[in-house]
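Observations on chain architecture
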Amino acid sequence: MNAIELQGIAKKYGRTRILKDLNLSVEAGTFTVVFGLPACGKSVLVRLLTGLEKPNAGRILLRGNEATGLDSGGRNIGYVPQSFALYPHFSAHDNISYPLDLIKFPKSQIEQAVKQIAEQLKIDHLLNKHPDQLSGGEKQRVALARGVVKQTDIYILDDPLVGLDFKLREQMFDDLKQMQQSLAATFLFTTSDPLEALALADSVAVLDGGRIVETGDLEALYRRPAHITTMALLGFPPSNQFGGQLFSRADQQWCRTGLFELPVNMAPSTDLPAEGSHVRVVVRPEDIRLNPDPDGLLTCQAQVVLLEDLGGEVIVYLEVNEEPLVTVVSHSDADFFSSDHVTVGVRASSAVLFNIETGLRIGQGAE
Amino acid sequence: MPEVRLVDLQKEYPGVIAVKNVSITFSTAAVTCLLGPSGCGKTTMMRIIAGLESPTAGDVFFDDHRITDLPARKRKIGMVFQYPVVYRSISVYRNIELPLLEEKLSTSERKQRIRQVIDILGLEDSVEKEISQLDSGTRQKVAIARTVARQPAVILFDEPITNVDAEAKVQLKRALKELTRQLQQTIIYVTHDQTEAMTLADQIALMKEGEIVQLDAPRKLYNRPDDVFGGWFLGNPGMNFFEHQVVALDGGLGLKSPLFPEPLKISGLNGQDRLTIGIRPEHVRLGHKSSNMAVKGRVQRKFIVVGGFYLVSIAMGDKIIKVKVDPALGGRIEDEIWVECPLDWITLFGPDGRRLKATLSV
């Protein structure tokens with residue numbers, strides 16, 4: 001069953017259309033991440049889901065039931081907002097219990113629910129403190145506890161880890177995942193951070209231009225993205241993109257980029273783009289190899305401009321004819337190239353072609 | 001260029017000791033990063049070096065000169081802050097030139113210095129632009145150029161990249177790397193970001209709760225942390241830690257662990273009855289075949305991390321170990337897998353969290 005279903009949702013403010021014909025189905029019991037660039041409309045989507053605002057068009061179904069016209073209180077969903085939004089004059093305890101006080105939950109059960117969630121999030125020692133006595137990470141945990149204290153089956157989390165330092169985020173990944181599993185609830189989580197999406201999602205919906213452009217199982221989307229936004233941005237560092245132009249040579253379609261020329265197979269369903277058409281060519285960082293055995297690879301020379309040391313891996317920033325290129329190598333492989341120049345190798349099949357106008361996948365390099 | 005020395009430095013505020021009895025030498029012609037989480041005392045220490053705060057106890061030396069009581073303006077220090085200190089309505093060139101007008105320089109010397117920093121920082125295309133036309137990264141470059149052109153004895157950077165847009169960060173790091181390579185100056189660089197520190201530093205002083213936990217070259221600090229804190233703080237994620245009881249084994253000491261097929265011998269202990277094994281996720285080996293040091297584990301979860309690598313959580317007895325593997329292997333990992341923790345990559349810590357000189361063997 002779908003816990004959440006959005007059909008043809010549109011939302012505009014004045015003349016600015018934020019969401020346009022947005023469709024999304026979220027299967028019950030999944031951790032679903034809505035992923036998109038900052039300011040792509042994620043928070044607006046959340047406001048529509050939580051009932052804080054109403055759409056201009058379209059339907060919202062929760063648990064299979066019509067919910068478009070329902071107020072926030074009638075939707076029975078848990079909500080963790082982006083900013084902590086804690087009441088400064090309440091203790092952590094009273095902040096957490098607030099959603100239960102609102103629905104006049106019995107006092108004894110409130111105490112038990114607060115205690116249980118506080119223990120689970122390891123904040124039971126902070127319950128008597130006020131928000132100004134808490135660190136950023138502690139506040140986020142209190143906000144999270146408040147969002148999930150109301151026992152329900154659908155929780156909306158609006159980019160809750162933004163601004164946390166990465167050590168806290170690391171811990172929160174585990175906490176959030178465990179919490180979703182132990183509640184066996186549907187989590188809809190928005191973020192613009194690809195590493196958060198990758199760490200948390202069972203399935204991902206990519207929001208771009210006011211629409212969900214692609215949705216599905218995380219790993220399937222990562223392996224075979226159908227939309228350029230998915231391939232370019234769902235991953236860190238972001239994928240390499242080049243302009244390309246199609247041409248024919250000896251009955252084979254080819255694509256010319258600033259780096260190399262490669263034979264391509266166009267998807268059978270697409271109208272064959274005309275000779276000379278411009279396309280976008282995208283290659284994931286992990287598919288760029290350095291000083292490889294050149295057999296069967298497209299190669300070119302590149303200048304190393306920066307090695308960014310993550311500890312276990314090194315992000316290698318390169319330039320080829322002033323085009324930036326990025327790849328990641330494990331640290332044990334990074335020691336060997338001390339020179340400023342390297343040979344870059346790419347397997348043609350790892351280059352994916354997208355239509356410039358629609359952003360849809362239209363082909364792939366041929367071996 | 002002086003070497004900067006802090007001797008028994010202490011800074012107390014009501015109810016809190018921000019810097020606890022720190023002694024450290026910042027070498028000349030090197031970049032030393034003060035790295036640690038927020039509240040660890042790194043910024044306080046920098047402010048004391050700059051003369052913006054006085055220590056409660058202890059001294060600051062530039063070479064052999066005690067400058068603890070010298071006012072900030074007499075210390076010949078240049079500082080770059082989180083937010084760029086620049087004049088918005090004048091050109092980049094004028095911004096760099098203004099502080100130099102206060103120095104007694106010939107026109108040609110002044111022009112030569114401006115040209116030099118513009119070259120190193122890659123500001124050629126922006127020289128005539130006003131600050132308001134620049135992105136956040138370029139603005140910060142201008143702030144750096146202003147500081148560097150004065151040729152101060154010591155340059156202090158206080159999280160200069162933190163507020164720069166993501167795309168501009170790489171350009172700024174590249175410029176900083178080039179700058180520090182060419183300047184060969186005493187540079188002290190405060191950051192909470194381990195990647196920045198690992199990328200830019202010759203030496204990292206890792207700080208925790210007002211103390212320096214370790215001062216070392218980045219790779220040494222990463223591979224051989226002196227303290228559990230260094231193992232945890234560096235790396236994403238940090239080290240796996242497993243606590244073990246020391247037991248009697250074959251007339252000596254040893255430990256039994258679900259990470260290894262057989263009990264292991266320990267030598268070099270100094271009376272400890274418990275210890276912690278630390279190993280980084282990328283140093284654990286996974287395979288589909290058994291080996292004499294491997295134990296079978298059950299895959300709990302896996303997901304993609306930086307560069308398509310996989311982070312795999314594997315249950316081994318009652319322990320969970322996190323392992324980072326390359327994209328090709330990560331994609332193929334299923335329910336069960338052989339896990340090997342190479343002894344060379346294991347660091348042992350005592351109950352106080354400090355690294356032990358003890359070693360494990362079969």
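Residues numbered from 1 in each chain as written. Chains lettered and ligands numbered in written order. Predicted model: local features only at pLDDT ≥ 70, side-chain atom pairs only at ≥ 80, totals over all residues.

Describing the overall build of chain A
What chain A contains, in helices and strands, is 9 helices and 21 strands. Its C-alpha atoms give chain A principal-axis dimensions of roughly 80 × 50 × 35 Å. The buried share of chain A, taken over its 367 residues, is 42%. Put simply, 65% of the contacts in chain A that link residues at least 6 apart link residues at least 24 apart. (Helix = DSSP H or I, 4+ residues; strand = E, 2+ residues; numbered from the N terminus. Buried ≥ 20, exposed ≤ 12 C-beta atoms within 10 Å, placed from the backbone. Contact = placed C-beta atoms within 7 Å.)

Re the domain arrangement of chain B
Accessible area lost during the coming together of the parts is what is often quoted as the interface size. All names here are of chain B. By domain assignment, chain B separates into domain 1 (4-232) and domain 2 (238-361). Across the contact, 8 residues belong to domain 1 and 10 residues belong to domain 2. Here the side of domain 1 that touches domain 2 is built from residues that sort into 4 nonpolar, 1 polar and 3 charged. (Domains from an automatic or database assignment. Nonpolar A, V, L, I, M, F, W, Y, C, P; charged D, E, K, R; others polar.)

Section: helix α5 (residues 166-183) of chain B
The α-helix advances 3.6 residues per turn, and as a result positions three or four apart in sequence lie on the same side. Residues and elements named next belong to chain B. In this model, α5 (18 residues) spans 26 Å end to end at C-alpha, consistent with the 26 Å of a helix rising 1.5 Å per residue. For α5, the complete set of buried residues consists of V170, Q171, L172, K173, A175, L176, L179 and T180. The positive-phi residue at the C-terminal boundary of α5 is Q184, with phi of around 50°. (Expected span 1.5 Å × (residues − 1).)

So, the interface of chain A and chain B
With 24 residues of chain A at the contact, the number on the chain B side is 30 residues. Contributions of two or more residues to the side of chain A that touches chain B are made by α5 (166-183), α6 (194-200), β16 (298-309), β17 (313-320) and β18 (323-330) of chain A. Among the elements that line the side of chain A that touches chain B, the one with the most residues is β16(A), at 4 residues. Residues of the side of chain A that touches chain B, tallied by class, amount to 12 nonpolar, 4 polar and 8 charged.

Quick notes on the domain arrangement of chain A
Taken as a whole, chain A is organised into domain 1 (2-225) and domain 2 (240-365). If you average the C-alpha positions of domain 1 of chain A and of domain 2 of chain A, the two centres end up 37 Å apart.

Considerations on the sheet that holds strand β19 (residues 341-346) of chain A
On the basis of which strands lie adjacent, the open sheet formed by 5 strands has the order β15-β19-β16-β17-β18 (chain A) and antiparallel pairing. Edge positions in the sheet fall to β15 (288-290) and β18 of chain A, since each has one partner strand and no second. Averaged over all pairs of adjacent strands, the angle between their axes in this sheet comes to 45°, without regard to strand direction. In this sheet, β17(A) lies alongside β16(A) in antiparallel orientation, the contact comprising 6 bridges. Within β17(A), the position partnered with A:Q303 by the bridge is A:E319. The strands touched by α5(B) within the sheet are β16 and β17 of chain A, with β16(A) carrying the most contacts at an inclination of about 75°. (Pairing = 2+ DSSP bridges. Axes fitted to C-alpha atoms, helices over the stretch in contact; angles between N-to-C directions.)

Re the sheet that holds strand β9 (residues 203-208) of chain A
All names here are of chain A. The mixed open sheet is built from 6 strands, whose spatial order is β6-β7-β8-β3-β9-β10. Only two strands of the sheet have a single neighbouring strand rather than two, namely β6 (78-80) and β10 (211-217). Strand after strand, the sheet turns through a mean of 15° between neighbouring axes, direction not considered. Strand direction decides the pairing type here: β9 and β10, joined by 6 bridges, are antiparallel. Along β10, the bridge assignment pairs V204 with G216. Packing of helix α1 (residues 42-50) onto the sheet brings it into contact with β3 (31-35), β6, β7 (154-158), β8 (186-191) and β9, and relative to β7 it is tilted by some 150°.

Some thoughts on α5(A)
All names here are of chain A. The first and last C-alpha atoms of α5 sit 25 Å apart over 18 residues, in line with the 26 Å expected at 1.5 Å per residue. Turning to α5, its buried residues are R169, M172, L176, M179 and Q180. Where α5 is buried, its residues meet β3, α3 (107-120), α4 (136-148), β8 and α6. Note on α5: the residue one or two positions beyond its end, A184, has a positive phi of about 50°.

Details of the packing of helix α2 (residues 92-101) of chain B against helix α4 (residues 136-149) of chain B
Residues and elements named next belong to chain B. Orientation of α2 relative to α4, taken along the N-to-C sense of each, is 30°, at an axis distance of 8 Å. By the angle between their axes, α2 is roughly parallel relative to α4. Regarding α2 and α4, the two cross each other, and that crossing is right-handed. Between α2 and α4, the residues in contact are V92, N95, I96, P99 and L100 and V142, A145, R146 and A149, respectively. (Parallel < 35°, antiparallel > 145°, perpendicular 65-115°, else oblique. Left-handed = near helix turned anticlockwise from the far one by under 90°.)

Quick look at the packing of helix α3 (residues 107-121) of chain B against α4(B)
Residue and element names in this part refer to chain B. Relative orientation of the contacting elements α3 and α4 amounts to 140°, with a least axis distance of 10 Å. Taken together, the axis directions place α3 and α4 in an arrangement best described as oblique. When you trace α3 past α4, the crossing you get is right-handed. Contacts from R113, I114, V117, I118 and L121 in α3 reach K141, I144, A145, V148 and A149 in α4. Considered class by class, the residues forming the contact of α3 with α4 number 8 nonpolar, no polar and 2 charged.

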